[in-house]
Amino acid sequence: MGDELGQTEIRVDDAVFPRLLGVEDTNLRHIEGHFRSRLTARGGRISIEGPPSEQERIRRVFTDLEALYRDRADVSIEDINTILRLAGTDSGYKREVQPSEGLTVIETPMGTIRTRGERQERYVRMMDKLSVVFSVGPAGTGKTYLAVAMAIDRLQRRLVEKVILTRPVVETGEALGFLPGDILEKVDPYFRPLYDALDEMLSRDKVGRFIDRGIIEIAPLAYMRGRTLNNAFVILDEAQNTTSGQMKMFLTRLGVSSSAVATGDLTQIDLPNPEASGLLEARELLQGIKGIGLVEFTDQDVVRHRLVADILRAYRRENDDSQK
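First things first, this report covers the structure right here in the doc.

Reading guide: rules and limits
- Residues numbered from 1 in each chain as written.
- Predicted model: local features only at pLDDT ≥ 70, side-chain atom pairs only at ≥ 80, totals over all residues.
- Heavy atoms only, no water.
- Helix = DSSP H or I, 4+ residues; strand = E, 2+ residues; numbered from the N terminus.
- Buried < 20%, exposed > 50% of the residue type's maximum accessible area, 1.4 Å probe, protein only.
- Contact = heavy atoms within 4.5 Å.
- Areas by Shrake-Rupley, 256 points an atom, 1.4 Å probe, with all protein chains shown as cover.
- Pairing = 2+ DSSP bridges.
- Axes fitted to C-alpha atoms, helices over the stretch in contact; angles between N-to-C directions.
- Phe/Tyr/Trp six-rings, centres within 6.5 Å; stacked < 30°, edge-to-face > 60°.
- Salt bridge = Lys/Arg side-chain N within 4 Å of Asp/Glu carboxyl O.
- Core = buried A, V, L, I, M, F, W, Y, C linked by side-chain atoms within 4.5 Å.
- Lys, Arg positive; Asp, Glu negative; His and termini not counted.

1. With respect to the overall build of the chain
Along its length, the chain carries 12 helices and 11 strands. In the chain, which comprises 324 residues, the proportion classed as buried is 49%. Of all intrachain contacts in the chain linking residues separated by at least 6 positions in sequence, the fraction that spans at least 24 positions is 71%. Carbon and sulfur atoms make up 49% of the accessible area of the chain, which totals about 16,200 Å².

This is the structure:
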């Protein structure tokens, strides 16, 4: 094996232990198949016998899986595969934070949210400590979801008075006039990913009440012009489709006790000139400024269905080939 064998145990909550193991220990055997170690389960404990170099990764897999079973009635094999992949069983990925630090937990009224993987951990810590954070990477890496979770957490703890969710709605001038309905009806389709995240963290009624009272504000980026945003947590989604001027305008809206998160995917720029992306410019221009952070996700960090990462890699290979 190359490593001296060692043995350790993991204690699992009795309330989730049988479900975590799966019918006839199918989950346990599936996880064991991704390691060289031998796993046995008895009396709320999982015994690990194998190379010491694997033990912390296996411990992390079961910690994440236990948390998932507490939050959900059903956990799919794809969920387990995502946890395994983020633990480094098939990509060489290794968690950079010290094991003793544990995973960051964000509490929302609808349940507990835990970070998955080192980059998500770093992202949440940046949002907690810095005034401006840029989150760049492909779909499915938790950029927007974790930003909304952090916003709700700040709101619950009364660290901010309001949450503002914005994005460039129509990239060629944000011309909404041709769409039917009032402003909320016009922008609603564009903000659906943000609504979906809110619905997982707050009840539908509470989301509606917060919007009615202005505690949560959802508006196109153009509507931020001329404002000063105090005591607010501001999220700019789809930031890759801002122009340089729009990004500058957004960043200079911050007032007292406010913080901002800008999320975007630089492979999905819809501007006529992709090189003019405000997110692309800000990523280069603002490096090294105290109080500003950047986290860059890759397809290794995708936490949706396993196929999402494979699809992203296939499209990237196609793009690379077409540019040769």
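2. Regarding the sheet that holds strand S3 (residues 45–50)
Pairing is antiparallel in the open sheet, where three strands are placed in the order S1-S3-S2. Only two strands of the sheet have a single neighbouring strand rather than two, namely strand S1 (6–11) and strand S2 (38–42). Shown here is a sheet whose adjacent strand axes are inclined to one another by a mean of 20°, direction ignored. Each of S1, S2 and S3 touches helix H3 (residues 52–71); the most contacted strand, S1, lies at about 10° to it.

3. Structural notes on unusual backbone geometry
The backbone of Arg-158 sits at a positive phi, close to 60°, despite the residue not being glycine. Summarising the element assignment, Arg-158 is placed in the loop between helix H6 (143–156) and strand S7 (162–167). When its relative accessible area of 76% is taken as the criterion, Arg-158 is described as exposed. Although it is not a glycine, Ser-257 sits at a positive phi angle of roughly 55°. If you trace the backbone, Ser-257 turns up in the loop between helix H10 (244–251) and strand S10 (259–264). For Ser-257, a relative accessible area of 48% translates into the label partly exposed.

4. Thoughts on the pairing of S7
Counting buried positions over the six residues of S7 gives five, a clear majority of the element. Here S7 pairs with strand S9 (residues 232–236) via five bridges, running parallel. Bridge pairing in S9 places Lys-162 opposite Ala-232. Both S7 and strand S8 (residues 216–220) contribute to a ladder of five bridges, which runs parallel. Opposite Arg-167, over in S8, you have Pro-220 as the bridge partner.

5. Observations concerning the packing of aromatic side chains
In this structure the tally under the stated criterion is one aromatic pair. Each ring, one from Tyr-123 and one from Phe-297, has its centre 5.7 Å from the other, and the planes form 85°; the classification is edge-to-face. Taken as a pair, Tyr-123 in helix H5 (residues 118–129) and Phe-297 in the loop between strand S11 (292–296) and helix H12 (306–322) lie far apart in primary sequence, 174 residues in all. Residue classification places Phe-297 among the buried residues on the basis of a relative accessible area of 6%.

6. Details of the pairing of S8
For S8, the buried fraction is high: five of the five residues fall into the buried class. Here S8 shows a buried face lined by Ile-216, Ile-218 and Pro-220 and a second buried face lined by Glu-217 and Ala-219.

7. Describing the pattern of salt bridges
Tallied over the entire structure, the rule returns 16 salt bridges. For Glu-217, the salt bridge goes to Lys-162, with nearest N and O atoms at 3.0 Å. Separated by 55 residues along the polypeptide, Glu-217 in strand S8 and Lys-162 in strand S7 bring together distant segments of the chain. The structure contains a network of salt bridges with shared partners spanning Asp-13, Glu-66 and Arg-70.

8. Some thoughts on the nonpolar core
Counting 36 residues, the largest nonpolar core has Tyr-123, Met-127, Val-148, Leu-165, Leu-198, Ile-216 and Phe-233 as the members making the most contacts within it. Per-element accounting of this core gives the leading share, eight residues, to H6. Those residues in contact with Met-127 that sit more than four places away from it in its chain are Val-133, Leu-146, Ala-147, Met-150, Arg-154, Phe-233 and Val-261.

9. Focus: the side chain of Arg-154
Considering the arrangement of structural elements, one finds Arg-154 in helix H6. Look at Arg-154: it is buried, it has no salt bridge, and the nearest opposite charge is Asp-128 at 4.3 Å.

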